[in-house]
Amino acid sequence: MAVTGCSQCIKYMLFFLNFIFWLAGGVILAVGLWLRHDSQTSNLLMLQFEGNQAPGTFHISVYVLIAIGAVMMFVGFLGCYGAIQESQCLLGTFFTCLVILFACEVAAGLWGFINRDTISTELINFYDAAYIKAVDPVDTSSRPAASKVLEVFHNSLNCCGKGDENPLFKTVQTSLCTEKTLQLDPVISQSCHTKIRELFTEKLHIIGLAALVIAVIMVFEMIFTMVLCCAIRNAPAY
């Protein structure tokens, strides 16, 4: 044990922050797995219609989140071990990984902010394509498939139609919507467009809050890592 006094306090504080960072990586990994296997999003994003898969932008984002969680757990372990061992090499590697992770998080945050409406818009367009076919009075070969797509949306989101009072939709509304949504007060919005936006806005808020907490922890870790490295370098034992 080379460092003493305040430097030793920083050493254990860095260990504690790295342990929190490791736990946060586990939480991020768990949230990513939950988002990937959440029944609402999974049911909607696994749909196919006329040979087209439902937009997978959300799933790509979730896979990135899972990867980040796994990397954070590894980096957190590296930081804990480096702090306890007072290893400049491990702490330097840990600091480099933190800088890279922080840069990636900022880039991902900017991309998410710019494209925050892309996921819901793509899924709404997919819903509308099936909606047009399902309400078509002409009995086409794609109409049964379109109806099944709408049924999945309506059952998963407890919604019914686009909220536009389309007379063609009213003729098939009973067969496409659940009894639960049909019995709702007309004043309450049943629009699937609204429900889709609410669904992904809620998920993005969870991701954004987690990212903000992790970013604050990472800033403090980078500061403490630099201070501890300087203290180790200047310690008499070294």
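Cut-off values and rules
Counting restarts for each chain: residues are numbered from 1 in the order of the written sequence. Where local features are concerned, this predicted model is filtered to residues with pLDDT of at least 70; where side-chain atom pairs are given and counted, the filter is 80 or more; whole-chain, interface and lining totals use all residues. In computing side-chain properties, one takes all heavy atoms of the structure into account and sets aside hydrogens as well as water. UniProt positions are given in the numbering used here, feature names are shortened, and annotations may be inferred rather than shown by experiment. Helical segments are the DSSP runs of H or I of at least four residues, strand segments are the runs of E of at least two, and each set is numbered from the N terminus. Only protein chains enter the accessibility calculation, which uses a 1.4 Å probe; a residue whose area is less than 20% of its type maximum is buried, one above 50% is exposed, and one in between is partly exposed. Contacts are assigned to residue pairs that have any heavy atoms within 4.5 Å of one another. Here, Shrake-Rupley sampling with a 1.4 Å probe gives the accessible areas, and only protein chains in the shown set may cover a residue. Definition of nonpolar core: a set of buried residues of the types Ala, Val, Leu, Ile, Met, Phe, Trp, Tyr and Cys, connected through side-chain atoms within 4.5 Å. Working definition: rings of Phe, Tyr and Trp (its six-membered ring) pair if their centres are within 6.5 Å, and the pair is stacked with planes under 30 degrees apart, edge-to-face with planes over 60 apart, and tilted otherwise. Helix axes are fitted to C-alpha atoms over the stretch in contact, other axes to C-alpha atoms as well, and angles between N-to-C directions run from 0 to 180 degrees. Roughly parallel here means an angle under 35 degrees, roughly antiparallel means over 145, roughly perpendicular means 65 to 115, and every remaining angle is called oblique. By convention the crossing between two helices is left-handed if the near helix lies anticlockwise of the far one by an angle smaller than a right angle, and right-handed if it lies clockwise. Residues are grouped as follows: Ala, Val, Leu, Ile, Met, Phe, Trp, Tyr, Cys and Pro are nonpolar; Asp, Glu, Lys and Arg are charged; every other residue, Gly included, is polar. Here, a disulfide means two cysteine sulfur atoms that sit within 2.5 Å of each other. Here, the arc refers to the directions that run from the helix axis to the C-beta atoms. Candidates for patches are residues over 30% relative accessible area with no salt bridge; among them, like charges are joined within 9 Å and nonpolar side chains (Val, Leu, Ile, Met, Phe, Trp, Tyr) within 5 Å. A pairing counts as a salt bridge when a side-chain nitrogen of Lys or Arg comes within 4 Å of a carboxyl oxygen of Asp or Glu.

Under an unreviewed UniProt entry, the chain has the name Tetraspanin and belongs to Cyprinus carpio. If you open the UniProt record of the chain and go to Sequence similarities (unreviewed entry), you find "Belongs to the tetraspanin (TM4SF) family."

Asks: Explanation requested: the overall build of the chain in the structure shown.
Replies: Scanning the chain from terminus to terminus reveals nine helices and two strands. Listing every helix and strand of the chain by position from the N terminus yields α-α-β-β-α-α-α-α-α-α-α. Looking at the chain as a whole, 41% of its 238 residues are labelled buried. Partitioning the intrachain contacts of the chain with sequence separation of at least 6 by distance along the chain shows that 76% fall at a separation of at least 24. A total of about 12700 Å² of accessible surface is found on the chain, and carbon and sulfur atoms cover 67% of it.

Asks: Is there a simple way to explain the nonpolar core in this structure?
Replies: In globular proteins that are soluble, nonpolar side chains generally tend to be buried together. By size, the foremost hydrophobic cluster in this structure holds 26 residues, and its most contacted members are Leu14, Phe21, Met72, Leu98 and Leu228. When neighbours within four sequence positions are excluded, Phe21 is seen to be in contact with Met72, Val75, Gly76, Leu98, Leu101, Ile214, Ile217, Met218 and Glu221. Among the nonpolar cores identified, the runner-up in size contains 24 residues, and Ile124, Ala130, Leu150 and Phe169 belong to it.

Asks: For this particular structure, what's the right way to read the UniProt feature "transmembrane region" (unreviewed entry) in the chain?
Replies: UniProt tags residues 12-36, 56-78, 90-114 and 206-232 as "transmembrane region" (unreviewed entry). Across residues 12-36, the secondary structure splits into 100% helix and 0% strand, with the terminal C-alpha atoms separated by 36 Å. Strand forms 0% of residues 206-232 and helix 100%; the C-alpha atoms that close the span are 39 Å apart.

Asks: What is the right way to look at the packing of aromatic side chains in this model?
Replies: Aromatic rings in a pair are described by how distant their centres are and how their planes are angled relative to each other. One pass over the structure, following the stated rule, counts six aromatic pairs. Plain terms: the ring middles of Tyr131 and Phe169 are 5.3 Å apart, the flat faces sit at 25° to each other, and that makes the pair stacked. Taken together, the positions of Tyr131 in helix H5 (residues 118-134) and Phe169 in helix H7 (residues 167-176) put the pair 38 residues apart, joining distant regions of the chain. Of the two residues, Tyr131 and Phe169, both sit in the buried class. Chaining the aromatic ring pairs together yields one cluster made of Tyr127, Tyr131, Phe153 and Phe169.

Asks: What is the right way to read the packing of H5 against helix H9 (residues 192-234) from this model?
Replies: What describes two packed helices is the angle between their axes and the distance between those same axes. The N-to-C vectors of H5 and H9 enclose an angle of 150°; their axes lie 9 Å apart at closest approach. The angle between the axes of H5 and H9 places the two elements in the roughly antiparallel class. Both H5 and H9 take part in a crossing whose hand is right-handed. Residues Ile119, Ser120, Leu123, Ile124, Tyr127 and Asp128 of H5 form the contact with H9, whose own contacting residues are Cys192, His193, Ile196, Arg197 and Phe200. Taken together, the residues of the contact of H5 with H9 break down into seven nonpolar, two polar and two charged.

Asks: Would you mind showing me how to read the state of the cysteines here?
Replies: Working definition: the covalent bond between the sulfur atoms of two cysteines is a disulfide. One pass over the structure, following the stated rule, counts two disulfides. Disulfide pairing places Cys159 opposite Cys192 at an S-S distance of 2.0 Å. Across the S-S bond of Cys159 and Cys192 the torsion is about 90°, and the bridge reads as right-handed. Of the two residues, Cys159 is situated in the loop between helix H6 (143-157) and H7 and Cys192 in helix H9; the sequence distance between them amounts to 33 residues.

Asks: Just to check I follow, could you spell out H7 for this structure?
Replies: In an α-helix there are 3.6 residues to a turn, and that puts residues three or four apart on one side. When H7 is considered as a whole, its buried residues turn out to be Phe169, Val172, Gln173 and Leu176. Along the axis of H7, the buried residues cluster in a sector spanning 150°; they form a single face. Of the exposed residues in H7, those oriented more than 90 degrees away from the buried face are Pro167, Thr171, Thr174 and Ser175.

Asks: What's the story with a nonpolar patch on the surface in this structure? I'm lost.
Replies: Residues Tyr12, Phe15, Phe19, Trp22, Leu23, Phe77, Tyr81 and Ile84 make up a contiguous nonpolar surface patch of about 750 Å² in total accessible area. Within the residue set of the nonpolar patch, elements represented by two or more residues are helix H1 (6-37) and helix H3 (57-85). As for its position among the elements, Tyr81 is in helix H3.

Asks: For this particular structure, what's the right way to read unusual backbone geometry?
Replies: Glycine aside, the phi torsion of most residues is negative, and most peptide linkages are trans. Even without glycine at this site, Asn158 takes up a positive phi of about 55°. Tracing the sequence through the fold places Asn158 in the loop between H6 and H7.

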